[in-house]
Amino acid sequence: MALLHKRKYLIVTLVFMLMLFIWMSQSIVYAESNPILAIPDINIDVSEAQEPEDISSTIQVIMLLTVLALAPSILVMMTCFTRIIIILSFLRKALALQTTPPNQVLIGLALFLTFFYYGTYI
């Protein structure tokens, strides 16, 4: 019975590999026979701005990316998240559990408790 199951698995695998090989060979032949497909040219140019709106949109994008990059650190520094995660890790050590609730679970629980605590202020 096990030999029959292994043989079926081997046949299915070989058929799949053959179909994959045929598909890949067709795409390679198509790419070689179609010269229209070309790699686009990408240029990064630093030049003077023609209008003041060009500079202001660039500064807005830079400010948006800065805020998005600093948002997690603002969450950690300005809320009770840090205190909650420290208390939860102390509690885990006091119960002599090495990694029974994983760090991801503790962080998720701390985020939930932080949002629950600050939900009354929003």
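Residues numbered from 1 in each chain as written. Predicted model: local features only at pLDDT ≥ 70, side-chain atom pairs only at ≥ 80, totals over all residues. Heavy atoms only, no water.

### Focus: the overall build of the protein
Next up, step 1: Assigned secondary structure in the protein consists of four helices and zero strands.
Next up, step 2: When the helices and strands of the protein are listed from N to C terminus, the series reads α-α-α-α.
Next up, step 3: Residues counted as buried form 8% of the 122 residues belonging to the protein.
Next up, step 4: Across the protein, contacts joining residues at least 24 apart in sequence account for 50% of those joining residues at least 6 apart.
Next up, step 5: On the protein, roughly 11,500 Å² of surface is accessible, and the fraction owed to carbon and sulfur atoms is 73%. (Helix = DSSP H or I, 4+ residues; strand = E, 2+ residues; numbered from the N terminus. Buried < 20%, exposed > 50% of the residue type's maximum accessible area, 1.4 Å probe, protein only. Contact = heavy atoms within 4.5 Å. Areas by Shrake-Rupley, 256 points an atom, 1.4 Å probe, with all protein chains shown as cover.)

### Quick word on the packing of helix H3 (residues 81-94) against helix H4 (residues 103-118)
Next up, step 1: The contact between H3 and H4 brings their axes to 9 Å, and the two run at 135°. When the interaxial angle is binned, H3 and H4 end up oblique. Both H3 and H4 take part in a crossing whose hand is right-handed. The residues of H4 that touch H3, namely those facing Phe-81, Ile-84, Ile-85, Leu-88, Ser-89 and Arg-92, are Asn-103, Leu-106, Ile-107, Leu-109, Ala-110, Leu-111, Leu-113 and Thr-114.
Next up, step 2: Classifying every residue of the contact of H3 with H4 by side-chain character gives ten nonpolar, three polar and one charged. (Axes fitted to C-alpha atoms, helices over the stretch in contact; angles between N-to-C directions. Parallel < 35°, antiparallel > 145°, perpendicular 65-115°, else oblique. Left-handed = near helix turned anticlockwise from the far one by under 90°. Nonpolar A, V, L, I, M, F, W, Y, C, P; charged D, E, K, R; others polar.)

### So, a nonpolar patch on the surface
Next up, step 1: On the surface, a nonpolar cluster with roughly 510 Å² of combined accessible area is contributed by Leu-70, Ile-74, Val-76, Met-77 and Met-78.
Next up, step 2: Its place among the elements puts Met-77 in helix H2 (residues 52-78).
Next up, step 3: For Met-77, a relative accessible area of 65% puts it in the exposed group. (Patch = residues over 30% accessible without salt bridge, like charges linked within 9 Å, V, L, I, M, F, W, Y side chains within 5 Å. Salt bridge = Lys/Arg side-chain N within 4 Å of Asp/Glu carboxyl O.)

### Brief notes about the side chain of Thr-114
Next up, step 1: Following the sequence through the fold, Thr-114 ends up in helix H4.
Next up, step 2: Look at Thr-114 and you get buried, because its relative accessible area is 2%.

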